[in-house]
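# Secondary and tertiary structure notes
Now for the letters of each chain:
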Amino acid sequence: MLKILNKNKKIIKPKAVLFDTDNTLYEYEPANKKATKAVGDKLNNLLGITEQEFLKKYIQSKNEIKAQLGKTASSHSRLLYFQRLLELLGLKAQLLIALDLEQTFWRTFLDNAPLFNGVRDIFFELKKREIPIGIVTDLTSHIQLRKLTYFGLEDIFDAVVTSEEVGADKPNEKVFKLALKKLNLENEENIWMVGDNPDADIIGGKKINAITFQKLHKGISQGINEQEPDVIFDNFIQLNHYIQKLFKKKDE
Amino acid sequence: MIFSFINLKKITDSYGVKEHKRIEQLFRHPLFFIGLTIKIFLIVAITPHIHHIWFLPFLSQPLDGNLLDPWTQFIDKGGDALSFPYGIVMFGSYKFLTLIGNFIDNLISTNFFAKFGFRLSSLIFDFGTLYGIAFIAKKYSIKILLLVYWCSPIMIYILYWHGQLDILPVFLLIICIALMHIEKPIGSGVFMALAILAKSSMLIALPFIIIYYLRNKRITNQISLNLIPLGFILLINLIFYFNSSGFNKMVINSPESNKLFFLNINYGDGLSLFLLPTIFLILLYLFWRMERINLDLLCISIGIGFFSILILLPPSPGWFLWIVPFLTFYQIKAEGDYFFSSIPFYCFFLIYNFLYASGANVNFFDINFHDPLIEKFYFENNFLKSLIFTSLQASGLIVCLKMYQFGIWRNNYYSGIRGKLSIGFTGNQNIIINSIINSLSKILVNERIINLSTENYKKWDPKLTLKSKLNLKNEKVFNLINFSKDFFNIINKRNIHQNSINLNSKNNLSNKKYLNSNIIFLSGFQSLDIKRIRDRANLKINLNILNSDFESRSKVNKKMRESNYLINKKYDLIFGLIKNETKSNIKTNSLNGTYFQELFVTMANGFFHESLVRNLIALSSLKVDVEQSSNLEKVNLTINGDISSEDIMVISKNMIVNSEDLLFFGSKWSEGMLGIIQLIIIIHIADILHQRST
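Below is a summary of the structure that appears in this document. (Residues numbered from 1 in each chain as written. Chains lettered and ligands numbered in written order. Predicted model: local features only at pLDDT ≥ 70, side-chain atom pairs only at ≥ 80, totals over all residues. Heavy atoms only, no water.)

## Remarks on the overall build of chain B
Filter applied, for reference: By definition, any uninterrupted DSSP run of H or I lasting at least four residues is a helix, any uninterrupted run of E lasting at least two residues is a strand, and each is numbered from the N terminus. Contacts are residue-level and defined by heavy atoms, with any inter-residue pair within 4.5 Å sufficient. In these tables, accessible area is a Shrake-Rupley quantity obtained with a 1.4 Å probe, and a residue counts as shielded only by the protein chains included in the view.
Of regular secondary structure, chain B possesses 33 helices and 14 strands. Taking all contacts inside chain B whose residues are at least 6 apart in sequence as the whole, residues at least 24 apart take part in 75%. With an accessible surface of roughly 30500 Å², chain B has 61% of that area assigned to carbon and sulfur atoms.

Structural data, given as structure tokens:
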């Protein structure tokens with residue numbers, strides 16, 4: 001399904017396409033669930049902490065870190081969550097265990113995060129058409145670069161911007177503006193922004209006047225009012241067909 | 001725990017998000033819904049004739065006598081002996097929903113729901129079998145699986161039009177294989193017993209399963225755990241039904257059981273050669289003789305076993321149902337033109353059975369198709385019948401041969417190198433090398449690995465002082481002639497000379513173990529000095545332990561690259577392990593009490609180093625430098641950092657071709673640099689094993 005919601009916006013060949021990463025290129029929740037479970041199992045093996053106790057304290061530590069750091073890249077840091085979790089469990093600063101849990105989390109996460117069907121094809125299509133591709137993503141650079149490398153996309157992008165690089169999470173305008181600056185397209189209007197999150201990606205995309213595409217799948221609600229995207233889709237294969245059709249028209 | 005009946009955690013752990021997603025996609029695929037719609041329509045609209053005349057009267061009888069012996073009660077009340085030639089498991093499984101249907105029918109005075117409940121049971125087992133095949137196959141084309149199993153005209157015809165029940169024993173057999181695969185031998189044995197108790201013909205699969213256990217070293221010791229519950233359940237059943245006159249008449253002496261010795265060659269004087277047991281034994285022998293028996297081969301071989309029955313006996317329509325899941329397994333694994341070669345078989349099956357087997361009645365309307373179609377044409381011609389039957393059997397035989405051909409092909413797939421795989425492994429510290437070889441046998445748990453070391457071929461008596469006078473690099477230290485002779489004797493499966501190798505030393509293995517091995521490591525100083533040995537070795541590895549205190553990292557790297565080994569191009573793989581003198585590293589990277597901070601690897605360029613580097617960096621945050629040799633032939637990697645055994649396990653699944661054939665639940669990876677060395681060596685081994693023989 002691909003549906004154009006904003007009929008007033010003329011969709012033409014883009015000057016560049018910006019993509020969000022988490023939950024846009026792959027489904028975040030199953031990987032997160034599996035990784036959190038792996039951490040819980042490890043804690044149970046190492047320290048005999050029950051799953052229930054772990055989940056309770058983990059949520060608490062996550063909320064504390066988020067409240068403490070606000071909308072910044074570090075507020076998503078699993079290492080900080082696990083360090084605080086161990087403190088909340090009364091284990092003080094168990095640095096080695098915190099590092100071990102972080103590695104367990106990301107290893108399991110990556111192993112269980114297959115790209116959506118058609119993601120690679122869409123990148124190849126855009127490359128073929130010489131359309132620059134950028135990544136605008138929250139979280140720390142280290143883990144986001146690890147993710148893109150693991151997906152085998154390390155040499156696909158023309159620009160990658162993480163919220164760590166600008167000191168603020170999306171929808172902060174700086175994230176998107178830096179991406180455009182890296183692509184030398186600072187004053188361009190015809191940019192596409194593809195993401196899942198109405199608050200971060202759609203609002204953020206609108207701040208740079210981009211045509212916004214929302215990727216919908218299980219657990220994602222469509223943005224409404226000021227968060228309403230210009231286009232919604234649930235399948236990259238269809239988006240790819242749409243792009244091909246758009247270029248075909250242009251060629252004719 | 002091996003004794004837990006079915007460990008759900010182990011089952012779900014073996015399934016990652018990727019596999020779950022594939023299952024989700026399977027059940028969301030349009031073909032799944034098309035198949036499901038057709039099946040639901042048929043179970044609502046159609047009652048197969050044999051349900052009407054046989055199964056439903058048997059299952060709907062009120063059980064007022066012995067609940068576990070409905071056969072005798074049925075016969076005593078004058079029922080048809082052909083009604084239910086199946087065991088207690090089939091009875092119990094189909095009775096449940098039929099009973100609920102009966103209850104609803106009595107409540108609202110209809111006669112629909114008992115029939116519906118009965119047919120719904122078949123749909124549930126059909127769905128379970130689809131899930132089971134997907135679970136076992138793991139990697140498959142969703143479209144092919146749905147086309148050849150779920151939407152298979154054979155399945156739809158047999159289950160929903162003709163109305164046979166053989167799907168239940170097949171479903172139980174699939175669970176048995178799945179449990180065996182995830183090393184739950186007791187559960188597997190129980191389900192095998194249930195399958196046999198549902199339909200005794202499932203016994204055909206049992207010898208294949210026993211051979212699979214015997215030929216797979218990692219699970220051989222589980223065979224008793226599989227056979228004891230299996231034997232126990234069958235024995236209880238035998239004792240219980242031994243005196244049941246109804247069971248004996250309806251099940252043991254059913255017309256189908258009597259077909260077993262139908263096809264024979266008359267040798268005169270009342271002597272006959274029964275063809276089915278003869279061919280079946282040959283099949284078992286061929287299966288036993290296969291070089292490596294993996295799960296694919298087991299499933300395909302069971303399918304061929306069932307096929308032999310179909311081809312050598314006058315088959316009933318329901319028997320074809322036994323082969324469909326295994327035929328499906330073969331088709332999703334083989335893909336390509338194998339799919340099309342089955343089409344004539346499907347066509348002849350449908351033509352023959354529509355013409356000569358009973359059909360169904362349409363519910364709610366007075367329309368019946370229960371007589372074979374041939375009767376509607378008002379002509380019976382035995383020649384025509386035999387012609388179509390011959391075409392059916394011949395096309396079945398072709399599919400069977402194709403399956404065997406694929407089996408052999410798969411077998412060749414794993415014997416790209418003829419005979420045993422030999423790996424030369426030398427270096428400056430034999431203790432470390434021996435530890436690595438031992439650790440590899442903990443990962444390749446299904447392989448029979450031996451280590452033939454020149455250490456056992458010393459000319460001197462280690463207890464005497466002469467040892468100190470001889471330098472290890474002196475070719476006179478080792479009896480390399482005997483070492484070479486023994487190596488080639490093992491390769492050629494000949495006995496090794498008892499006097500040449502010190503068989504009394506504590507590390508030595510019996511002659512039999514040397515001969516039964518399939519991977520031979522040649523280790524120790526000078527083990528690769530003889531050209532004949534070097535030429536035969538499939539993989540040559542060199543490992544040196546280097547001290548970091550006397551040379552800088554770049555100098556060591558340079559030394560590695562410029563070493564004679566590389567110049568001579570003698571080794572496929574060169575490792576350099578840098579000792580960490582400060583021993584400040586955390587628990588990882590320790591080997592025999594020595595800590596390592598860095599690993600140098602030199603290997604062929606353009607093989608897998610890019611993927612290895614990607615995985616090491618992305619999954620484990622290791623630091624990796626990559627450098628190509630000037631002639632682009634080799635690539636040098638410098639790796640440092642900490643890596644856990646879990647990281648290596650995940651990377652191994654990503655990188656090792658068909659890792660499910662080499663790595664199992666019991667595979668134990670090491671952490672740190674040793675784990676990376678293991679990984680790189682096993683990727684090479686897997687690659688050699690997968691090179692198809694030309």
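## Re the interface of chain A and chain B
The condition that has to hold: Take the accessible area each of two parts loses on contact, using a 1.4 Å probe, and add the two losses: that sum is the buried area. By definition, a salt bridge exists where a carboxyl oxygen of Asp or Glu is found within 4 Å of a side-chain nitrogen of Lys or Arg. Whenever two N or O atoms come within 3.5 Å, that pair is a polar contact, provided that in protein one can donate a hydrogen and the other can accept it, and provided that, for residues adjacent in sequence, both atoms are side-chain atoms.
With 21 residues of chain A in contact, the opposing surface of chain B contributes 21 residues. Across the chain A to chain B interface the summed buried area is about 1800 Å²; carbon plus sulfur atoms make up 52%. One salt bridge connects Glu154(A) with Arg614(B), and the closest N-O pair in it is separated by 2.8 Å. Between chain A and chain B we count 13 residue pairs in polar contact (both at pLDDT 80 or more) in total. Counting residues per element, the ones that place at least two in the side of chain A that touches chain B are α1 (28–47), α4 (95–111) and α6 (141–150) of chain A.

## Focus: the pairing of strand β6 (residues 211–215) of chain A
Residues and elements named next belong to chain A. Quick note on the threshold: Three exposure classes are used, based on accessible area relative to the maximum for each residue type with a 1.4 Å probe and protein chains only: buried under 20%, partly exposed in between, and exposed over 50%. Here, a strand pair is defined by DSSP locating no fewer than two bridges between the strands. For crossovers, right-handed means that the path from the first strand over the helix to the second runs clockwise, given strands pointing away from the viewer.
Counting buried residues along β6, five of its five residues qualify, which places the element largely inside the surrounding structure. Side chains Ile211, Phe213 and Lys215 of β6 all project onto a buried face; the interleaved residues Thr212 and Gln214 project onto the opposite face, where all are buried too. Pairing of strand β5 (residues 191–195) with β6 involves four bridges; the strand directions are parallel. Each bridged residue has a counterpart across the sheet, and for Gly195 the counterpart in β6 is Gln214. Note on the crossover from β5 through helix α9 (residues 198–207) to β6: the handedness is right-handed.

## Examining the sheet that holds strand β1 (residues 46–48) of chain B
Residues and elements named next belong to chain B. Using the following cut-off: Fitted lines through C-alpha atoms give the axes, limited to the stretch in contact for helices. The angle between two N-to-C directions lies from 0 to 180 degrees.
Within the open sheet, the three strands sit side by side as β1-β4-β5. Their pairing is antiparallel. The outermost strands of the open sheet, each flanked by one partner alone, are β1 and β5 (367–368). Bridging between strand β4 (residues 360–362) and β5 involves two bridges; their strand directions are antiparallel. Within β5, the residue paired with Val362 across the bridge is Ile367. Against the sheet, helix α3 (residues 30–45) contacts β1 and β4, and its axis sits at roughly 75° relative to β1. Sheet strands touched by helix α9 (residues 153–162): β1 and β4. Its angle to β1, the strand with the most contacts, is close to 90°.

## Overview of the sheet that holds strand β7 (residues 231–233) of chain A
Residues and elements named next belong to chain A. Taken in spatial order, the seven strands make up an open sheet running β1-β7-β6-β5-β2-β3-β4, and their pairing is mixed. The two strands at the open ends of the sheet, each matched to only one other strand, are β1 (2–4) and β4 (159–162). Neighbour-to-neighbour, the strand axes of the sheet open up by a mean angle of 20°, direction not taken into account. When strand β2 (residues 16–19) meets strand β3 (residues 133–137), the two strands line up parallel, connected through three bridges. Residue pairing across strands places Leu18 opposite Gly134, the latter belonging to β3. In the packing of α6 onto the sheet, contacts are made with β3 and β4, and the angle to β4 comes to roughly 140°. Packing against the sheet, α9 makes contact with β5 and β6, and its axis sits at approximately 165° to β6.

Taken by themselves, the reported measurements are silent on function.
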